[in-house]
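This is what each chain is made of:
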Amino acid sequence: MASIFSRIIAGEIPSYKVAEDDKHYAFLDINPVAPGHTLVVPKHEVDYIFDLPQDEYAELMAFAKKVAKAMKDVMPCKRIGVAVMGLEVPHAHVHLLPINSESDMNFFTEKKQIPADEMKDIAARIFNKFEENETSHPEIF
Ligand code: AMP
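The model shown is predicted, which means the values in this text are computed figures rather than measured ones. (Residues numbered from 1 in each chain as written. Predicted model: local features only at pLDDT ≥ 70, side-chain atom pairs only at ≥ 80, totals over all residues. Heavy atoms only, no water.)

A closer look at the sheet that holds strand E3 (residues 38-42)
Consideration 1: Judged by pairing direction, the sheet is antiparallel, and its 5 strands sit side by side in the order E1-E2-E3-E5-E4 without closing on themselves. A strand with exactly one partner marks an edge of an open sheet, and here the two such strands are strand E1 (17-20) and strand E4 (79-83). Direction aside, the axes of adjacent strands within the sheet are offset by 20 degrees on average.
Consideration 2: Judged from the 3 bridges that link them, E1 and strand E2 (residues 24-28) form a sheet pairing that is antiparallel. Looking across to E2, one finds that Ala19 is bridged to Ala26.
Consideration 3: With respect to the sheet, helix H3 (residues 116-136) is in contact with E1, E2 and E3, its orientation differing from that of E1 by roughly 25 degrees. (Pairing = 2+ DSSP bridges. Helix = DSSP H or I, 4+ residues; strand = E, 2+ residues; numbered from the N terminus. Axes fitted to C-alpha atoms, helices over the stretch in contact; angles between N-to-C directions. Contact = heavy atoms within 4.5 Å.)

Details of the site of the ligand
Consideration 1: In the region of the ligand, 16 residues are neighbours, and Asp29, Glu88, Val89, His93 and His95 sit closest.
Consideration 2: Here a nitrogen atom of the ligand and a backbone polar atom of Ile30 are 3.1 Å apart.
Consideration 3: Alone, the ligand offers 510 Å² of accessible surface; in the complex the protein occludes 89% of this.
Consideration 4: Elements with a minimum of two residues in the shell around the ligand: helix H1 (4-9) and E2.
Consideration 5: Counting residues per element, the shell around the ligand draws most heavily on H1, which supplies 3 residues.
Consideration 6: Here the residues of the shell around the ligand sort into 10 nonpolar, 4 polar and 2 charged. (Near = heavy atom within 4 Å. Polar contact = N/O pair within 3.5 Å; in protein donor to acceptor, adjacent residues only side chain to side chain. Areas by Shrake-Rupley, 256 points an atom, 1.4 Å probe, with all protein chains shown as cover. Nonpolar A, V, L, I, M, F, W, Y, C, P; charged D, E, K, R; others polar.)

Topic: the packing of aromatic side chains
Consideration 1: Under the counting rule described, the total for this entry stands at 5 aromatic pairs.
Consideration 2: The rings of Phe5, Tyr25 and Phe27 are connected pair by pair, giving a single aromatic cluster. (Phe/Tyr/Trp six-rings, centres within 6.5 Å; stacked < 30°, edge-to-face > 60°.)

Description of the pattern of salt bridges
Consideration 1: Inspection of the entire model under this criterion finds 8 salt bridges.
Consideration 2: A salt bridge links Asp121 to Arg125, with the shortest nitrogen-to-oxygen separation between them at 3.3 Å. A residue pair is termed a helical-turn pair when its members lie 3 or 4 positions apart in one helix, as Asp121 and Arg125 do in helix H3 at 4 residues.
Consideration 3: By relative accessible area, Arg125 is classed as partly exposed at 33%.
Consideration 4: Between Lys129 and Glu132 there is a salt bridge whose closest N-O contact spans 3.3 Å. Note that Lys129 and Glu132 are positioned in helix H3 at a spacing of 3 residues, about one turn of the helix.
Consideration 5: With a relative accessible area of 36%, Glu132 lands in the partly exposed category.
Consideration 6: Connected through salt bridges with shared partners, the residues Lys17, Glu20 and Lys43 form a single ionic network. (Salt bridge = Lys/Arg side-chain N within 4 Å of Asp/Glu carboxyl O. Buried < 20%, exposed > 50% of the residue type's maximum accessible area, 1.4 Å probe, protein only.)

Focus: the pairing of E2
Consideration 1: Taken across its 5 residues, E2 has 5 buried, putting it largely inside the fold.
Consideration 2: Alternating positions in E2 separate into two faces, His24, Ala26 and Leu28 on one and Tyr25 and Phe27 on the other, with burial throughout.
Consideration 3: A loop of 3 residues connects E1 with E2, the two strands running antiparallel in sequence.
Consideration 4: Of the strand pairs in this sheet, E2 and E3 are connected by 5 bridges, and their pairing is antiparallel. Within the sheet, the bridge partner assigned to Leu28 lies in E3 and is Thr38.

Printed below as a string of structure tokens:
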């Protein structure tokens, strides 16, 4: 059975998309630790990220780097933090989080309730910056 992330990628389940290419999809986490909390997923469904073939792992991380760049450009934060867990959804993914301190990487914190229109706005801002970077500044990658 397809994972929930494969169903999101297929458009069967709605998501707040922030970036996409032929092999990857990025969208806002529905239970964010912080505003802008993003998941970066390979379209090829593999359970555990460190079981990905070497080239697919490298491509996923290169795509995540571009998403992180767009996030950093539009979200007020010091850094984009990176985490891998995969305890809940058996489809490889990387968490990207706008952070200002170590404590912002706390996944035990109460999840933020962000209204749908705000989620939509955050996703649109990251999406537009990602697209702009792709077309105007491909050299930064
Ligand atoms: P983990 O597998 O432990 O890395 O956690 C999976 C993450 O996916 C959690 O942070 C969930 O909030 C998130 N998640 C689960 N279902 C959805 C969904 N339909 N849309 C967006 N994020 C989701």
